[in-house]
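The chain contents come next:
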Amino acid sequence: LMVLCVPAQAKDLFVRAGAADGDGSQQKPFADPFEALGKCEANDVIHIAEGRYTGKLDSGEWTIPFDGVQLVGGYTADWSERDPWHHPTLLVWDRRSKNKPTAERVTSTARGVVLDGLVLDGVEQNEYSDDAKSGREARDLDKSDAMVRLGLPSTVKNCIFVNTGREGVICSNGSTIENNLFMDVFETGLKINGLPPQSPDAKTPAIVRNNTFVWSWDDRAPGSGRYGGAAISMTGPATISNNIFAHCDHSAIYCTIDP
């Protein structure tokens, strides 16, 4: 007796801000990505229309549970057009919420996930020294988190990371980071961690290309012994090409391994 195991076909799920009683279809979309993430399976694509999203119970957190899941933003509300730069899909924490994030905004320990066309803005989560937001409170810097943490090789493209609590993206080598904007990031815009030697991807470089890194900063003086204020910090191999680096407090690329 031969049994053939055929993987289930990946499906498309849809999300639109303000939707009600949705089932995830294009006609009746979910109201927030967390609803789609609760129903998705491996390799599903979650299409997210322009608008502002705050997560389950307004916590400002989203977890991608399975390999290959894609979060794709930048659609118009009627799904007729996709342009992430003109139809922003914002994943934010609402300062009016009673539930403040306790970890990164988007996290995953799955392989091959994709973030495409999302805006992650930490401005409401930060504590500023005055109404003009001219500086950050020291107590805030001690408890802030990165915007995105991806534990296994994944892809981040066409996204904006701005006013971050700490890193814009933390990922592993073997990931692809392309065509993103990192702006006003605290500590470092992109942190590439090396995978363990026994990992099949241990020697696979991350691909970092066509990104713009502007205003990476740190609250300590340059040269104080840390990489704070770097655009990229790497302890895993990477191929870095065709990027723009401007106004970094420390380094464009801070590398502690054999390059």
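Details of the structure are given in the entry above.
Residues numbered from 1 in each chain as written. Predicted model: local features only at pLDDT ≥ 70, side-chain atom pairs only at ≥ 80, totals over all residues. Heavy atoms only, no water.

With reference to specific residues and values, describe the nonpolar core.
A general feature of soluble globular proteins is that nonpolar side chains tend to end up buried together. Ranked by size, the top nonpolar core spans 46 residues in total, and within it Ile46, Leu115, Val148, Phe161, Val169, Leu190 and Ile192 carry the most contacts. In terms of residue count, strand 2 (residues 45-49) provides more of this core than any other element does, 4 residues in total. Leaving out residues up to four positions away in the same chain, Val169 has contacts with Val148, Val156, Phe161, Ile177, Phe182, Gly189, Leu190 and Lys191. (Core = buried A, V, L, I, M, F, W, Y, C linked by side-chain atoms within 4.5 Å. Buried < 20%, exposed > 50% of the residue type's maximum accessible area, 1.4 Å probe, protein only. Helix = DSSP H or I, 4+ residues; strand = E, 2+ residues; numbered from the N terminus. Contact = heavy atoms within 4.5 Å.)

Tell me about the sheet that holds strand 12 (residues 160-162), and please be specific about residues and values.
Taken in spatial order, the 7 strands line up as 3-6-9-12-15-18-21 in an open sheet, and their pairing is parallel. Since the sheet does not close on itself, it has two edges, and those belong to strand 3 (51-53) and strand 21 (244-246), each with one partner. The mean angle between the axes of side-by-side strands here comes to 20 degrees, regardless of whether they run parallel or antiparallel. With 3 bridges joining them, strand 18 (residues 212-217) and strand 21 adopt parallel strand pairing. Opposite Val214, over in strand 21, you have Ala246 as the bridge partner. (Pairing = 2+ DSSP bridges. Axes fitted to C-alpha atoms, helices over the stretch in contact; angles between N-to-C directions.)

Which residues make up the side chain of Asn163, and what are the values?
Residue position: Asn163 is located in the loop between strand 12 and strand 13 (169-172). Asn163 gets classed as buried once you look at its relative accessible area, which sits at 16%. The residues contacting Asn163, other than those within four sequence positions of it, are Asp121, Gly122, Val123, Asn126, Tyr128, Met183 and Asp184.

Tell me what's going on with the pattern of salt bridges, and back it up with residues and numbers.
As enumerated under the stated definition, the model contains 12 salt bridges in all. As a salt-bridge pair, Asp94 and Arg96 come within 2.7 Å of each other at their nearest N and O atoms. On the basis of relative accessibility, which here comes to 71%, the residue Arg96 falls in the exposed class. Residues joined in a network through salt bridges with shared partners are Arg52, Asp94, Arg96 and Glu124. (Salt bridge = Lys/Arg side-chain N within 4 Å of Asp/Glu carboxyl O.)

With reference to specific residues and values, describe the sheet that holds strand 4 (residues 62-63).
Spatial ordering of the open sheet is given by 4-7-10-13-16-19-22, a layout of 7 strands whose pairing is parallel. Because the sheet does not close on itself, it has two edges, and the strands there are strand 4 and strand 22 (253-255). One ladder, built from 4 bridges, connects strand 16 (residues 188-193) with strand 19 (residues 230-234); its direction is parallel. Of the residues in strand 19, the one forming a bridge with Lys191 is Ser233.

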